[in-house]
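# Observations on the model geometry
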Amino acid sequence: MTKTIIGNLKMNLSKTDIKEYVKELREINDENFIIAPAFIYLTEFLPKAVSAQNCYYYDEGAFTGEISPKQLKSIGVNYVIIGHSERRQHFGETDEIINQKIKAALQNDLKIIFCIGDTLLQYEQKQTNKIIENQLRLGLENINNLDNIMIAYEPVWAIGSGKTPTNSEIELFLEHIKKTLSKKSSKIKVLYGGSVNLNNIKHLNQISNCDGFLVGGASKSVIELKKIYWETR
Ligand code: PGA
């Protein structure tokens, strides 16, 4: 399977930085290479594959400061990240809210990058499989067609920390995700995310059941992100 690489730029980069970034991406035209910039820069990257980092669960209305899946679709965006641990942690997003957002995004024909992951305590207490199952069950409640959904497994403790689980651990967790979803889909893509960078991509790329990578911090440098991408090709 062709690996999907997603650059999650988070709340980084100025407009000038973004112009440079877009220029640097000129030579790559690959629907499996997706950039997720702040909302205000999404159109700068089009018609390349872009993802929003979040969306609301209503199409329109009096919700000051929110962006709807319908609005994203209307400007030509095809992907949205939902359930990122930073949204769960800092913005109080529960599994129920995440489920509503996924449903609303699917109704608007968006493709979903659904993030799940365990905390350090849960990992140390060997609760990872249980946490994964719960997040998948609640986040995907009443959603049976997973054709437009991919999963990003991102241990909370690996995000931005420079630490990653071992390859064999990641392999087991990704396998568990695929097994948990096997009744709904036999071909769902499952990505790994959390401190993926140029130093560890060669190693991480050896994980046999990993369908791609969600890259945060390292994607602030377009040069580094491009190198990570080419390592997986
Ligand atoms: P990181 O972030 O690569 O900086 O750990 C990954 C993410 O938050 O998606």
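Note that the structure is a prediction, hence the values are computed from the model and not measured. (Residues numbered from 1 in each chain as written. Predicted model: local features only at pLDDT ≥ 70, side-chain atom pairs only at ≥ 80, totals over all residues. Heavy atoms only, no water.)

Bringing the sheet that holds strand β2 (residues 33-36) into the picture now. Within the open sheet, the 8 strands sit side by side as β2-β1-β8-β7-β6-β5-β4-β3. Their pairing is parallel. Pairing within the sheet leaves two strands with one partner each, and these edge strands are β2 and β3 (51-52). The sheet strands contacting helix α8 (residues 167-180) are β5 (111-116), β6 (149-153) and β7 (190-193), and the helix crosses β7 at an angle near 145°. (Pairing = 2+ DSSP bridges. Helix = DSSP H or I, 4+ residues; strand = E, 2+ residues; numbered from the N terminus. Contact = heavy atoms within 4.5 Å. Axes fitted to C-alpha atoms, helices over the stretch in contact; angles between N-to-C directions.)

Bringing the pairing of β2 into the picture now. A two-sided burial pattern is seen for β2, the buried positions comprising F33 and I35 on one face and I34 and A36 on the other. Pairing of strand β1 (residues 4-8) with β2 involves 4 bridges; the strand directions are parallel. Its bridge partner being in β2, I6 is matched across the sheet by I34. (Buried < 20%, exposed > 50% of the residue type's maximum accessible area, 1.4 Å probe, protein only.)

Moving on, we come to unusual backbone geometry. What is expected of a backbone is that most residues other than glycine have negative phi and most peptide bonds are trans. Residues L46 and P47 are joined by a peptide bond in cis, for which omega reads 10°. With respect to the secondary-structure elements, P47 resides in the loop between α2 (42-45) and β3. Unusually for a residue other than glycine, S195 sits at a positive phi of about 60°.

Quick look at the packing of helix α7 (residues 128-139) against α8 now. Direction vectors running N to C along α7 and α8 enclose 40°, while the axes themselves pass 10 Å from each other. Of the two possible hands of crossing, α7 and α8 adopt the one that is right-handed. Residues T128, N129, I132, E133 and L136 of α7 form the contact with α8, whose own contacting residues are F173, H176, I177 and T180. Across the contact of α7 with α8, the residue classes break down as 4 nonpolar, 4 polar and 1 charged. (Left-handed = near helix turned anticlockwise from the far one by under 90°. Nonpolar A, V, L, I, M, F, W, Y, C, P; charged D, E, K, R; others polar.)

So, about the pattern of salt bridges. Following the criterion strictly, the structure yields 13 salt bridges and no others. The closest approach of N and O atoms between E27 and K226, which form a salt bridge, is 3.1 Å. With E27 in the loop between α1 (15-24) and β2 and K226 in helix α10 (residues 222-231), the pair connects residues that are 199 residues apart, well separated along the chain. For K226, a relative accessible area of 11% gives the class buried. Here K70 ties to E60 by a salt bridge, and the two come within 3.8 Å at their closest N and O atoms. With K70 in helix α3 (residues 69-74) and E60 in the loop between β3 and α3, the pair connects residues that are 10 residues apart, well separated along the chain. A relative accessible area of 41% means that K70 is categorised as partly exposed. Using a relative accessible area of 61% as the deciding quantity, one classes E60 as exposed. (Salt bridge = Lys/Arg side-chain N within 4 Å of Asp/Glu carboxyl O.)

Before going further, it helps to spend a moment on the site of the ligand. Among the 13 residues in the neighbourhood of the ligand, the closest are listed as K10, H84, E154, G160 and S195. A distance of 2.7 Å separates an oxygen atom of the ligand from a polar atom in the backbone of S195. In this structure, G217 approaches the ligand through a main-chain N or O atom, which is 2.7 Å from an oxygen atom. Surface burial for the ligand is 96%, taken as the share of its 280 Å² of free accessible area covered by protein chains. (Near = heavy atom within 4 Å. Polar contact = N/O pair within 3.5 Å; in protein donor to acceptor, adjacent residues only side chain to side chain. Areas by Shrake-Rupley, 256 points an atom, 1.4 Å probe, with all protein chains shown as cover.)

Attention now goes to the layout of surface pockets. Space inside the largest pocket adds up to approximately 420 Å³. What lines the largest pocket is a set of 16 residues, and nearest its centre among them are K10, M11, Q53, R87 and F91. When residues of the lining of the largest pocket are assigned to their parent elements, the largest contribution, 3 residues, is made by helix α4 (residues 85-90). Residue composition of the lining of the largest pocket, by class: 8 nonpolar, 5 polar and 3 charged. When its volume is computed, the second largest pocket comes out at roughly 280 Å³. What lines the second largest pocket is a set of 16 residues, among which K111, D147, I149, M150 and K189 lie closest to the centre. The set of elements that each furnish at least two residues to the lining of the second largest pocket consists of β5 and β6. (1 Å grid on protein atoms, 1.4 Å probe; cavity = no way out; pocket = protein on both sides within 12 Å on 5 of 7 lines; lining within 4 Å. Points joined across faces, edges and corners; volume = space filled by probe spheres on them.)

This part is about the nonpolar core. Note that soluble globular proteins tend to have their nonpolar side chains buried in a common cluster. By size, the foremost hydrophobic cluster in this structure holds 55 residues, and its most contacted members are F114, I149, I151 and I177. The contact partners of I149, leaving out residues within four places of it in the chain, are I102, L106, I112, F114, L140, I143 and I188. Listed in part, the 12 residues of the second largest apolar core include I81, C115, A152 and L191. (Core = buried A, V, L, I, M, F, W, Y, C linked by side-chain atoms within 4.5 Å.)

Next up on the list: empty space enclosed by the protein. Enumeration over the complete set of coordinates arrives at 1 cavity of 30 Å³ or more. Looking at the largest cavity, its volume works out to about 30 Å³. Every residue along the wall of the largest cavity is listed here: G83, H84, S85, R88, C115, I116, G117, E154 and V156. Of all the secondary structure elements, the ones that give two or more residues to the lining of the largest cavity are α4 and β5. Tallied by class, the residues present in the lining of the largest cavity amount to 3 nonpolar, 4 polar and 2 charged.

By themselves these figures say nothing about function.
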